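Okay, here's what each chain looks like letter by letter:
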Amino acid sequence: MPQLATFYYKRFWVVSGKAALVLLLSYTLYHQIGRHDYWKSFASLWTHEIWSQHWPYLFCALLLMPVNWALETWKWWTLFNKIYPSPYLMALRAVLAGITLSLFTPHRVGEYGGRLLPYPFSVHRQVIMASLVANYGQLLSLLSAGFLGISYLGRIFFAENDILYYSGLGVIGLLIALLWWSFLAIKRFIPIISRLNWPKWMQWLPRTFELGTLFNKAALVQVALLAGVRYLVYSWQLVLLLYFFGLNIPWLSLLMGVFAIFLLQSGLPLPPALGVLTRGELGVLVWQHFQPNPLVILAASLALFIINLAIPALLGMIVIVKTNITKSFGYERGVD
């Protein structure tokens, strides 16, 4: 009887937690998509003329959504499979669950918790290490593309101060090169990290980093390439949506502006669900010489949020609801 009571007690809290998560996701999506000012701007541009003339742009942006998350899964799975062989579809479930939890957290830290759920407790350190390295590769792609965008647009903003412009580019370019070297030479840093004097409650961290010795250079190069391709995919999604809503800017300036916006926005400690308006404001700043309609940038940003985050987050919610969380975190016997 005590065991049965404990079972129902755990079951109650798991079901309650999942119900609370569903409500929180519903509120977050409603707050982001259903807010009067956002939706009014979005709807005002969704005209019959726009739809009839520009629908291929929207269609292509939608088609790129599964490509985006398939590449993200493949990138992470490439590393995770080195230390814990598992099916690609299970990795996709983990990525979708991570998208859901990332909506509520600054800098998407909830993504790590979501990716733990489909896997047994015994391999959670492997999940975290693969995620850390894969996300580092994605960050470096963002920095590199952002550097290109800033370099391209900076010629306009720093036209009267060439020395400052080129000096800044040199320093930033060198720093990014060093960061790429540290990514590809990650094995060199693991012994240094392990020798640090870690407090007791953080002893799990150097043990987690030691798993990085299993990542060979070929896998890291593959991750870097996948990260770069994925970055281009979701950058082009925003470009396509901007064209769909009628922004008339040459494609190269538009793409470089998107690179710059993603870079500038990455420095803001906001959850993705709160970053749409910020992206709109940055777009007005970046393309100010073209005098863009700020409503177009806001509408495209909101559409990108719906396509790339809201829809996958709903799928991730299904994954979380169907996951045995007590088993995942080692509260049931028989867990490997």
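Relevant structure appears above.
Residues numbered from 1 in each chain as written. Predicted model: local features only at pLDDT ≥ 70, side-chain atom pairs only at ≥ 80, totals over all residues. Heavy atoms only, no water.

Some remarks on the overall build of the protein chain
Regarding its fold elements, the protein chain presents 14 helices and zero strands. Helices and strands in the protein chain line up, N terminus first, as α-α-α-α-α-α-α-α-α-α-α-α-α-α. Residue burial in the protein chain is summarised as follows: out of 336 residues, 47% are buried. Pairs at least 24 residues apart make up 76% of the contacts formed inside the protein chain by residues separated by at least 6 positions. Total accessible area computed for the protein chain in this model is approximately 17,400 Å², and 70% of it derives from carbon and sulfur atoms. (Helix = DSSP H or I, 4+ residues; strand = E, 2+ residues; numbered from the N terminus. Buried < 20%, exposed > 50% of the residue type's maximum accessible area, 1.4 Å probe, protein only. Contact = heavy atoms within 4.5 Å. Areas by Shrake-Rupley, 256 points an atom, 1.4 Å probe, with all protein chains shown as cover.)

Considerations on the nonpolar core
Trp76, Leu79, Leu242 and Trp287 are the most contacted members of the largest nonpolar core, which totals 76 residues. At 13 residues, the largest contribution of residues to this core is made by helix H10 (residues 217-244). Other than its neighbours up to four places away in sequence, Leu79 contacts Ala130, Val133, Ala134, Phe215, Ala219, Leu220 and Val223. Within the second largest apolar cluster, six residues are counted, among which are Ala97, Leu101, Val319 and Ile320. (Core = buried A, V, L, I, M, F, W, Y, C linked by side-chain atoms within 4.5 Å.)

Regarding the pattern of salt bridges
Taken as a whole and assessed by the stated rule, the structure comprises four salt bridges. In this structure, the salt-bridge partner of Glu72 is Arg115, at a minimum N-O distance of 2.6 Å. On the criterion of sequence distance, the pair formed by Glu72 in helix H3 (residues 48-83) and Arg115 in helix H5 (residues 110-116) is long-range, its members being 43 residues apart. The closest approach of N and O atoms between Arg115 and Glu111, which form a salt bridge, is 3.6 Å. In this pair, Arg115 and Glu111 are both assigned in helix H5, four residues apart and thus about one turn of the helix distant. By the burial criterion, Arg115 is buried, and Glu111 matches it. Through salt bridges with shared partners, one network takes in Glu72, Lys75, Glu111, Arg115 and Arg230. (Salt bridge = Lys/Arg side-chain N within 4 Å of Asp/Glu carboxyl O.)

Regarding a nonpolar patch on the surface
A cluster of nonpolar residues, Trp46, Trp51, Trp55, Phe59 and Leu63, forms a patch on the protein surface that exposes about 530 Å² of accessible area. Given the relative accessible area of 42%, Trp55 is considered partly exposed. (Patch = residues over 30% accessible without salt bridge, like charges linked within 9 Å, V, L, I, M, F, W, Y side chains within 5 Å.)

Overview of the side chain of Ser131
Here Ser131 shows up in helix H6 (residues 124-157). Those residues in contact with Ser131, other than ones at most four positions away along the chain, are Trp76, Tyr112 and Arg115.

Things to note about the packing of helix H7 (residues 162-184) against helix H8 (residues 186-195)
The geometry of H7 relative to H8 is characterised by a closest axis approach of 5 Å and an angle of 75° between their N-to-C directions. Comparing the axis directions of H7 and H8 gives the class roughly perpendicular. In contact with Trp181, Ser182, Phe183 and Leu184 of H7, H8 contributes Ile186, Arg188 and Phe189. A breakdown of the residues in the contact of H7 with H8 according to their chemical character gives five nonpolar, one polar and one charged. (Axes fitted to C-alpha atoms, helices over the stretch in contact; angles between N-to-C directions. Parallel < 35°, antiparallel > 145°, perpendicular 65-115°, else oblique. Nonpolar A, V, L, I, M, F, W, Y, C, P; charged D, E, K, R; others polar.)

A few points about helix H13 (residues 294-322)
Here H13 is 29 residues long and its end C-alpha atoms lie 41 Å apart, about the 42 Å a rise of 1.5 Å per residue gives. Ile306 marks where H13 bends most, by close to 35°. (Expected span 1.5 Å × (residues − 1). Bend = angle between axes of the 7 residues up to and from the residue.)

A closer look at the packing of helix H4 (residues 88-102) against H13
Interaxial distance between H4 and H13 falls to 7 Å at its minimum, and their mutual angle equals 115°. In terms of their interaxial angle, H4 and H13 are classed as roughly perpendicular. In the crossing of H4 with H13, the sense of the turn from one axis to the other is left-handed. Contact residues: H4 offers Arg93, Leu96, Ala97, Ile99, Thr100 and Leu101, while H13 offers Leu309, Pro312, Ala313, Leu315, Gly316, Met317, Val319 and Ile320. Of the residues contributing to the contact of H4 with H13, the split by class is 11 nonpolar, two polar and one charged. (Left-handed = near helix turned anticlockwise from the far one by under 90°.)

Considering the packing of aromatic side chains
Under the definition given, this model contains 17 aromatic pairs. With centroids separated by 6.3 Å and ring planes inclined at 85°, the aromatic side chains of Tyr84 and Tyr119 adopt a geometry described as edge-to-face. Placement of the pair is Tyr84 in the loop between H3 and H4 and Tyr119 in the loop between H5 and H6, with a sequence separation of 35 residues. Take Tyr84: its relative accessible area is 25%, and that puts it in the partly exposed class. Measuring from ring centre to ring centre gives 5.6 Å for Trp181 and Phe189, while their planes differ by 80°; the resulting arrangement is edge-to-face. Since its relative accessible area comes to 29%, Phe189 is described here as partly exposed. Positioned above the aromatic ring of Trp76 is the side chain of Arg115, whose terminal nitrogen or guanidinium carbon lies 5.1 Å from the ring centre. Here Arg230 stacks its cationic end above the ring of Trp69, 4.8 Å away from the centre of that ring. (Phe/Tyr/Trp six-rings, centres within 6.5 Å; stacked < 30°, edge-to-face > 60°. Lys NZ or Arg CZ within 6 Å of the ring centre and 35° of its normal.)

Notes on the side chain of Ser86
Looking at the secondary structure, you find Ser86 in the loop between H3 and H4. Residue contacts for Ser86: discarding those within four places in its chain leaves Trp77, Phe80, Asn81 and Tyr119.

Shape is all these values report; function is a separate question.
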